[in-house]
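Take a look at the letters that make up each chain.
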Amino acid sequence: MSRELKQFTREEVEKHNKPGDLWIIIDSKVFDLSRFAALHPGGESVFYDEEVAGQDATKPFFGLHRAEVLEKPNYARLQVGIIEGEKSEITGRQRNKISSLPYAEPSWLTPGFYSPYYSENHRIFQAVVRKFVDENLYQDAQDREADGQRPSQSVIDAMAAVNLHAMRLGPGKHLKGRSLFDGLVAPEEFDYFHELIITQEITRCGARGYGDGLNAGMVIGLPPVLNFGPPELQAKILPDVFAGKKFIWQVIYYSLRYNLAISEAFAGSDVMGMKTTATLSEDGKYYVVNGTKKWITNGHFCDYFTVGCRTESGFSVLLIERGEGVATKPIKTSYSPTAGTAYVTFDNVKVPVGNLLGEDGGGIFVILSNFNHERWVMCCSSIRGHRLIVEECMAWANQREVFGKPLNAQAVVRAKLAAMISRVESLQSWLENITYQMNKMSYKQQATKLAGQIAFLKMSATQAAQDTARDAVQLFGGRGITQTGMGRFIEHYHRTIAFDALLGGAEDVLGDLGVRQAMRAIPKNVRL
């Protein structure tokens, strides 16, 4: 039950201006800091400045703190009243709403703008997903990114309840018979724009490690089972994966995660240079797997691994369950341990032959079949993360004052903002065009026509993102390299943007892929 707040005049607040009796005003709200002052992380003396003690401290407060600070219970309880006849005007991050800040949202969500790509169902779907993410994921993302623990099981369960795990794999047969967000969209009507919405809304949490830890390995590792696994293997695995958990007996359960174990310490992501081996047993009932895998997202806590390895017939893919002979060790990277990045070893692991995905020796087709979708998902995430930084910079440049003027009064600052906005707007448009093509093309046509386009988009997106990360740090100054406070999203983005540039293929590799695909399509009779 909310308490009733007293109303005060500004003159009444002015009387409380000394140690032991200290009040301040922030956005027409009155706070009693008499006891808190000595506990203030920034020191007690700042409160006794003649422009702060007993005064309206709105401007200095928002020069140092994010609006969300006042929403924390420990600080919210310090409010003792409001200023008579005044209302709060400042809004921070608003839950479940479209931001009114220019370019904080893609144009299709901006009031007054139109799009040929999104239906009314897409718009309703977006509103529901945003509400779900803000209410179920956002705070968990901030907490887990900070403490390094895996995403909370309650979040995984909430996602499973609306079939969000299944939807993250995009449209397809795996959605048949499922209720998507309680029937909000029919399985046969679910398309890649619905999936784009899901990915971009999750990315708004601004927690890079958490985003990968939130079952991202499933998006990469499960499609090979879905598309190439024997029916009996799918029947065993898919229900538990989409449910987000696996029950053992009646009292113990453990989270079920997926990972695509390609990268090795020796070969990187060179799928044809792998050293992990799978030797068929003499009775032909199982493979014996030996080798290592490195930089495996979710690897430290996943239960199944979709593993690329070498058999007598060549490169093959096996589904390996965590068990005897499988060991994982966390790898420290520049983002949060909540992603579960791991070094995985397989030591004489026995894998049933029924866990072979595709044909023996046909693993390259299994792996490559998923690369386009994997990279497209990365583009969705990277571009939305990029926009979050544009939003932060636009807000900061407007509220931060230097020499008596807003930061955005300086032409050099506006030039940086212009570059950021133009990058993210062009990338979003390119992404939506490719997404539209994906909706119209068969999977085979996508492989033929869109592999290069998606590779170019990902290369361009991560190159542009690194430019924006650098510019954002310049705008925020020291705050942009501090993990807490005003610039925490900027610091986090600048520190973790390299992941986007490497996952799914380095920028140079993807650029070369796109050019080579284009070269194969050049007619032999073309001349200048």
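Check the entry above for the structure.
For the rest of this paragraph, the subject is the overall build of the protein chain. What the protein chain contains, in helices and strands, is 18 helices and 17 strands. Scaling as 2.2 N^0.38, a compact globule of 528 residues should have a C-alpha radius of gyration of about 24 Å, and the protein chain matches this with 26 Å. Seen along its three principal axes, the alpha-carbon backbone of the protein chain occupies a region of about 90 × 70 × 45 Å. Counting every position in the protein chain, which comprises 528 residues, the buried fraction comes to 50%. A fraction of 74% describes how many contacts in the protein chain between residues 6 or more apart in sequence connect residues 24 or more apart. Of the accessible surface of the protein chain, which amounts to about 25,600 Å², a share of 54% is contributed by carbon and sulfur atoms. Taken together, the 59 basic and 59 acidic charged side chains of the protein chain have centroids lying 4 Å from each other.

Moving on to the packing of helix 16 (residues 451–476) against helix 17 (residues 488–502). Describing two packed helices takes the angle between their axes plus the distance from one axis to the other. Between helix 16 and helix 17, the least distance of the axes is 9 Å, while the angle of their chain directions is 165 degrees. Between helix 16 and helix 17, the angle falls in the class roughly antiparallel. Here the hand of the crossing between helix 16 and helix 17 comes out left-handed. Only I490, Y493, H494, I497, D500, A501 and L502 of helix 17 make contact with helix 16, whose side of the interface consists of K458, T462, A465, Q466, A469, R470, A472, V473 and F476. In the contact of helix 16 with helix 17, the residues fall into 10 nonpolar, three polar and three charged.

The subject of this paragraph is the sheet that holds strand 2 (residues 17–18). Spatially, five strands are ordered 1-5-4-3-2 in an open sheet, and the strand pairing comes out mixed. The sheet is open, and its two borders are formed by strand 1 (6–8) and strand 2, each paired with just one other strand. Here three bridges tie strand 1 to strand 5 (residues 79–83), and the two strands are oriented parallel to one another. The residue bridging F8 from the neighbouring strand is I83, located in strand 5.

This part is about the packing of aromatic side chains. Per the counting criterion, the structure on display carries 15 aromatic pairs. Aromatic side chains F8 and W23 sit 5.0 Å apart centroid to centroid with 70 degrees between the ring planes, which places their arrangement in the edge-to-face category. Of this pair, F8 sits in strand 1 while W23 sits in strand 3 (residues 21–26); the two residues are 15 residues apart in sequence, bridging distant segments of the chain. A single burial state applies to F8 and to W23, both of which are buried. Both rings, one in Y117 and one in Y436, keep their centres 5.5 Å apart while their planes meet at 45 degrees; by these two values the pair is tilted. Remark: Y436 occurs in helix 14 (residues 411–440) and Y117 occurs in the loop between strand 5 and helix 4 (120–136); sequence separation between them is 319 residues. The class for Y436 is partly exposed, based on a relative accessible area of 32%. Joined through ring pairs, the aromatic side chains of W108, Y117, Y118, F193 and Y436 make up one cluster. Over the aromatic face of F371 sits the side chain of R375, whose NZ or CZ is 4.6 Å from the ring centroid.

Residues F125, L137, M167, W376 and C393 are the most contacted members of the largest nonpolar core, which totals 92 residues. In terms of residues, this core owes the most to one element, helix 13 (residues 363–399), which gives 15 residues. Those residues in contact with F125 that sit more than four places away from it in its chain are M167, F181, L184, V185, F190, H194, I197 and I198.

Now for helix 17. Taken as a whole, helix 17 carries its principal kink of about 40 degrees at R495. Taking burial as the measure, the 15 residues of helix 17 include 11 buried ones, the bulk of the element. Residues R488, F489, I490, E491, H492, Y493, T496, I497, F499, D500 and A501 constitute the buried set of helix 17. Those residues of helix 17 that are buried are in contact with helix 5 (138–147), helix 9 (208–213), helix 13, helix 16 and helix 18 (507–520). Two residues or fewer after helix 17 comes G504, characterised by a positive phi angle close to 80 degrees.

Our next topic: a negative patch on the surface. Side chains of E11, E12, E14 and E84 sit close together on the surface and give a patch of like negative charge. Position of E84 relative to the elements: it lies in the loop between strand 5 and helix 4. The exposure class assigned to E84 is partly exposed, which follows from its relative accessible area of 48%.

Another point: the environment of V413. Secondary-structure assignment places V413 in helix 14. A relative accessible area of 6% means that V413 is categorised as buried. Once the C-alpha coordinates of V413 and K59 are considered, the two residues, 354 residues apart in sequence, prove to be 21 Å apart. In this structure, V413 is in contact with A397, L407, N408 and L475, ignoring residues within four places of it in sequence.

Looking now at the packing of helix 8 (residues 192–203) against helix 14. Orientation of helix 8 relative to helix 14, taken along the N-to-C sense of each, is 140 degrees, at an axis distance of 9 Å. The angle between the axes of helix 8 and helix 14 places the two elements in the oblique class. Only Q428, L431, E432, T435, Y436, M438 and N439 of helix 14 make contact with helix 8, whose side of the interface consists of Y192, F193, L196 and Q200. Classifying every residue of the contact of helix 8 with helix 14 gives six nonpolar, four polar and one charged.

On to the environment of E507, then. Within the secondary structure, E507 sits in helix 18. By relative accessible area, which is 15% here, E507 ends up buried. For the pair E507 and V349, spaced 158 residues apart in sequence, the C-alpha to C-alpha distance is 35 Å. When residues no more than four places from it in sequence are discounted, the contact partners of E507 are M459, T462, Q463, Q466 and A501.

Turning next to unusual backbone geometry. The phi dihedral of S28 is positive, around 70 degrees, even though this residue is not glycine. A relative accessible area of 9% places S28 in the buried class. With phi around 55 degrees, N348 is a residue other than glycine that occupies positive phi space. Note on placement: N348 falls in strand 14 (residues 342–352).

This next bit is on the pairing of strand 10 (residues 286–296). In the sheet, strand 9 (residues 277–280) pairs with strand 10 via four bridges, with the strands oriented antiparallel. Counted as the bridge partner of A278 is V289 from strand 10. Where strand 10 lies against strand 14, eight bridges are found, and the strand directions are antiparallel. What sits directly across from Y287, in strand 14, is V351.

Analysis parameters
Residues numbered from 1 in each chain as written. Predicted model: local features only at pLDDT ≥ 70, side-chain atom pairs only at ≥ 80, totals over all residues. Heavy atoms only, no water. Helix = DSSP H or I, 4+ residues; strand = E, 2+ residues; numbered from the N terminus. Rg over C-alpha atoms; globule rule 2.2 N^0.38 Å. Buried < 20%, exposed > 50% of the residue type's maximum accessible area, 1.4 Å probe, protein only. Contact = heavy atoms within 4.5 Å. Areas by Shrake-Rupley, 256 points an atom, 1.4 Å probe, with all protein chains shown as cover. Lys, Arg positive; Asp, Glu negative; His and termini not counted. Charge placed at Lys NZ, Arg CZ, Asp CG, Glu CD. Axes fitted to C-alpha atoms, helices over the stretch in contact; angles between N-to-C directions. Parallel < 35°, antiparallel > 145°, perpendicular 65-115°, else oblique. Left-handed = near helix turned anticlockwise from the far one by under 90°. Nonpolar A, V, L, I, M, F, W, Y, C, P; charged D, E, K, R; others polar. Pairing = 2+ DSSP bridges. Phe/Tyr/Trp six-rings, centres within 6.5 Å; stacked < 30°, edge-to-face > 60°. Lys NZ or Arg CZ within 6 Å of the ring centre and 35° of its normal. Core = buried A, V, L, I, M, F, W, Y, C linked by side-chain atoms within 4.5 Å. Bend = angle between axes of the 7 residues up to and from the residue. Patch = residues over 30% accessible without salt bridge, like charges linked within 9 Å, V, L, I, M, F, W, Y side chains within 5 Å. Salt bridge = Lys/Arg side-chain N within 4 Å of Asp/Glu carboxyl O.

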